[in-house]
Amino acid sequence: MATMEMDDPKMGEKVHWEPENLMKGLTLKQILFSNDYRHIALKGILTSFIMLALGGTFAIIFRTELAIPDVQFIGARVYMTLMSLHGMVMVFGFLIPLTVAVNYYILPKILGNDRLLWSGAAQASYWTLILAAVLLVIGRPDFTWTAYAPMSLRTGNDFIWMGYVAIILVAISEFLAGAVLFRNAISSRGGLKNTPLIAWAGGTIGLLFMVSVFPLGFVGYGLLSDWAQWTDIAWFDPSRGGSVQFFLYVFWTYGHPAVYLPFVPAIAIIYTLMPRFLGHPMWSYWSGVAAFILLSIGALPIGPHHFQPLYSVSGDYQRFIQILTMLVFIPSVLHVFNWISTLFMAPIPDSARRAIPFKFMVFSIAFIVYGGATAWLNAQIAPDSDFIHNTYWIPAHFHAMFFGFSGQMAFAGVYFLFPYFTGRMYNQTLGNWHFWLWQIGLFIKITGMGVAGYLYFPRWVYDYLSMPGWAESQMFITIGGYMVALGFLFFLINLFWSASKGKVVTGDPWPVVHDLKAAPAAQPAE
Amino acid sequence: MENALGIWGPQALMMAITASFTVLGMVMLLAAMLMKRRWKPTYSVEFVFVGIMLVLAWVGDSTSTKTYTAYQANLNAEERMVSGNYEGEGEAAFDRVFTVIAFQWGFGFINEEDEISRNALVVKPGETVLLKVLSNDVIHGFNVPVAQITAEIDPDDKRELWIRVPDEPGKYLIQCVNYCGVGHTQMKAWLVVDAGEEVNDGENS
């Protein structure tokens, strides 16, 4: 009783374009200011790697500190600065820009525009973000990425205003990025029925970007204004008549949609890569469209689940948030159902099983299941008021979603685009090392965090007591973190080596070959 | 919270459902990757799946609400809410009442005779204790792992929580779980369960 809509052709499978060597003859001026979408995407991707290296280095430093109890080599202020910068750099500097940059490249190809509409805005978005990152590194805020007032107003750091300004700049940068995604998505021709899924993703998440960053910008402005005491009006500082409640609601009106800002572009990459590697369309087009729309609608009102055990979120309102959060689970389940069905419906070609991007894609789906299933539990106020709220359980959940899924999916996109940027293929062996180190390392890290959270290990501490299981789980997480860092080193070596020495690719770098043994000649280049 | 971690406690059930759901997803993914047999699900399979999700949302909501309401009912039989300006007769139901000041960085516990103890909540085994937690500076967290309860305390207001003290004498951790400044790590206190005579009995006993 399979219905006909299931075989709708417009699902991204017709992505075929020629590999090229962008690096050759690339001038500094081009990489800095060119509005060519390929250059913008390349710049965004490479910058994200620098951010990942930066945020990862911070993580390795404090992971080493946390591996065993007692203070080893860093104290509270250094730890919290590294921790805050780790969060901000990873989310705003690495994850969101990387997933968006991969979309900047794929959207013009799939939509057939061969140029990024409003590319000037994409350029401005990039430079605004760079400025924000510079301010963050100079200002060294230690108020965590959530910047909870009034704590964030009383850090005793004279340069803390740079942190507030950086928040405003991030809001501007994300608004511009959202506008670019939205503009390109609506340029799709042939009506809604023939719009590729990546454009549905870009359209819905672009809108969500543009709507949700206003509260973020206001948070930055409000903190700056409260700190500088420009006027008699205090927005968030209760000692001057401001409201902490107001802060929480404003912040999380951005903060919850913010988790979808890397999430949906990563989903868009799956909908493009999967048909390409399998050689057949997605299982369902409309299921994907429905999920994109439902996710965007559901994202805005549920922010309060982030501060649920607080008196203002109580009674019927608390219950409404609880139910709605569990319902927002559904669109993500629709996506996962769609992906697994697509993998299940036809034989998986040997060429796909072998391809590093495909492997990353399959395991990122495993991580979305691993991290996503707990979302249903986290939404419930009873367990949330027990061991979930602000224990390591929460980092376990979002590292699975942010890194295990979105980050790894972005890397699948990068491996996939590698021949299109360099004209060469990556090294398979190094790619495999990277792949397995990340899967095992991430699994160890996330599981360790979940166990620590279940044992009430609190977030944001640089030192801890020897409670049962605490030291063991921290050591576990640190080992996982080291493996992830090692995997990234393999990736960097691969990147530099293969860009100049890798096997040259001509024609389609990703041919669909069902039986590699029978047709060795068609084996994809290494 | 008293949402028991026993095998059949509501929280254990929720954990089990979450784990089953994870396993189901993993098994389907593995089957899709490794099985020889191919299967193209129909839309009706997806609808059944969405139906299960709706049922799960209902189960989660009703279980959680039941557990939490039971906790709240114990706290305040009349108003049935955890928070707000709690006063009156309900207090008599508790063996001991403390006002807790969460500050940067530590906890002060004030008993009914206005005696303050810093970072030590001294109680007797098995007692029920009402805690009125307030903060004067920034947002703090208040977590008593052994009592399985967490709350976030806002400088604008106070919150009431209650705990049942374990029967086993000893020291149990009380900690802040919300980042509240550089001293956050040190913001810990002890729930001291003391069976001896030196505990100053409140007027309730």
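Computed from a predicted model, the values in this text were never measured in an experiment.

## Topic: the overall build of chain A
And then number 1: A tally of helices and strands in chain A yields 15 helices and zero strands.
And then number 2: In summary, chain A has a C-alpha radius of gyration of 23 Å against a globular reference of 24 Å for 526 residues, a match within 12%.
And then number 3: Looking at the 526 residues of chain A, the share that counts as buried comes to 62%.
And then number 4: The contacts of chain A with a sequence gap of at least 6 include a subset with a gap of at least 24, amounting to 83%.

## Structural notes on the interface of chain B and chain A
Size of an interface: often given as the accessible area lost when the parts come together.
And then number 1: Facing 63 residues of chain B, the contacting portion of chain A comprises 67 residues.
And then number 2: At the level of elements, α1 (10-34), α2 (43-75), β6 (140-144), β7 (149-153) and β9 (170-175) of chain B are the ones that each hand at least two residues to the side of chain B that touches chain A.
And then number 3: Split into classes, the residues belonging to the side of chain B that touches chain A amount to 32 nonpolar, 22 polar and nine charged.

## Some words on the environment of A:Val289
All names here are of chain A.
And then number 1: Locating Val289 in the fold gives a position in helix α8 (residues 285-299).
And then number 2: The exposure class assigned to Val289 is partly exposed, which follows from the 19 C-beta atoms found within 10 Å.
And then number 3: For the pair formed by Val289 and Trp200, sequence separation is 89 residues and the distance between their alpha carbons is 6.5 Å.

## Brief notes about the domain arrangement of chain B
And then number 1: If you check the domain split of chain B, you get domain 1 (10-75) and domain 2 (89-193).
And then number 2: Averaged C-alpha coordinates put domain 1 of chain B and domain 2 of chain B at centres separated by 35 Å.

## Remarks on the nonpolar core
And then number 1: In terms of nonpolar packing, the biggest core is built from 232 residues, with A:Val102, A:Tyr104 and A:Met361 touching the most fellow members.
And then number 2: Residues from two domains meet in this core; each of domain 1 (10-75) and domain 2 (89-193) of chain B gives at least three.
And then number 3: Setting aside its immediate chain neighbours within four residues, A:Val102 contacts A:Ala41, A:Ile45, A:Ile269, A:Ala410, A:Gly413, A:Val414 and A:Leu417.

## Quick notes on unusual backbone geometry
And then number 1: For the peptide bond that leads from A:Ala149 to A:Pro150, omega is -5°, which places it in the cis range.
And then number 2: As for its position among the elements, A:Pro150 is in the loop between α4 (119-139) and α5 (161-185).
And then number 3: For the bond from B:Gln104 to B:Trp105, the omega torsion is 0°, close enough to zero to count as cis.
And then number 4: Structurally, the position occupied by B:Trp105 is in the loop between β1 (96-103) and β2 (106-110).

## A short note on the sheet that holds strand β3 (residues 116-118) of chain B
Residues and elements named next belong to chain B.
And then number 1: Here we have five strands laid out as an open sheet, ordered β3-β2-β1-β5-β8, and mixed in their pairing. What marks the edges here is a single partner per strand, and that holds for β3 and β8 (158-164). Here the average twist between neighbouring strands, direction ignored, is 25°.
And then number 2: Relative to β3, β2 runs antiparallel, the two sharing three bridges. When the sheet's bridge partners are listed, Phe109 is paired in β3 with Ser117.

## Concerning the environment of B:Met53
And then number 1: Looking at the element boundaries, B:Met53 is found in helix α2.
And then number 2: On the basis of neighbour count, B:Met53 is assigned to the partly exposed category, with 18 C-beta atoms found within 10 Å.
And then number 3: When near neighbours in sequence (up to four residues on either side) are disregarded, B:Met53 contacts A:Phe329, A:Ile330 and A:Val333.

## Comments concerning the packing of helix α11 (residues 356-378) of chain A against helix α14 (residues 428-454) of chain A
All names here are of chain A.
And then number 1: Interaxial distance between α11 and α14 falls to 10 Å at its minimum, and their mutual angle equals 5°. Judged by the inter-axis angle, α11 sits roughly parallel to α14. Contact residues: Ile356, Lys359, Phe360, Phe363, Phe367 and Tyr370 in α11; Gly431, Phe435, Gln439, Leu442 and Ile446 in α14.
And then number 2: Here the contact of α11 with α14 is composed, by residue class, of eight nonpolar, two polar and one charged.

## Observations concerning the confidence of the model for chain B
Residues and elements named next belong to chain B.
And then number 1: Looking at chain B as a whole, the pLDDT averages 84, with 83% of positions reaching at least 70.
And then number 2: Taken element by element, the predicted model of chain B shows its lowest mean pLDDT in β8 (84) and its highest in β2 (96).
And then number 3: Scored below 50 in pLDDT, residues 77-86 shows 21 contacts in the model against residues more than four places distant or in partner chains.
And then number 4: In the predicted structure, residues 201-205 sits below a pLDDT of 50 and forms seven contacts with residues beyond four places in sequence or in another chain.
And then number 5: At the level of chain-chain contacts, confidence expressed as ipTM amounts to 0.90, with global pTM at 0.92.

What counts as what
Residues numbered from 1 in each chain as written. Chains lettered and ligands numbered in written order. Predicted model: local features only at pLDDT ≥ 70, side-chain atom pairs only at ≥ 80, totals over all residues. Helix = DSSP H or I, 4+ residues; strand = E, 2+ residues; numbered from the N terminus. Rg over C-alpha atoms; globule rule 2.2 N^0.38 Å. Buried ≥ 20, exposed ≤ 12 C-beta atoms within 10 Å, placed from the backbone. Contact = placed C-beta atoms within 7 Å. Nonpolar A, V, L, I, M, F, W, Y, C, P; charged D, E, K, R; others polar. Domains from an automatic or database assignment. Core = buried A, V, L, I, M, F, W, Y, C linked by C-beta atoms within 7 Å. Pairing = 2+ DSSP bridges. Axes fitted to C-alpha atoms, helices over the stretch in contact; angles between N-to-C directions. Parallel < 35°, antiparallel > 145°, perpendicular 65-115°, else oblique. pLDDT = per-residue confidence, 0-100.

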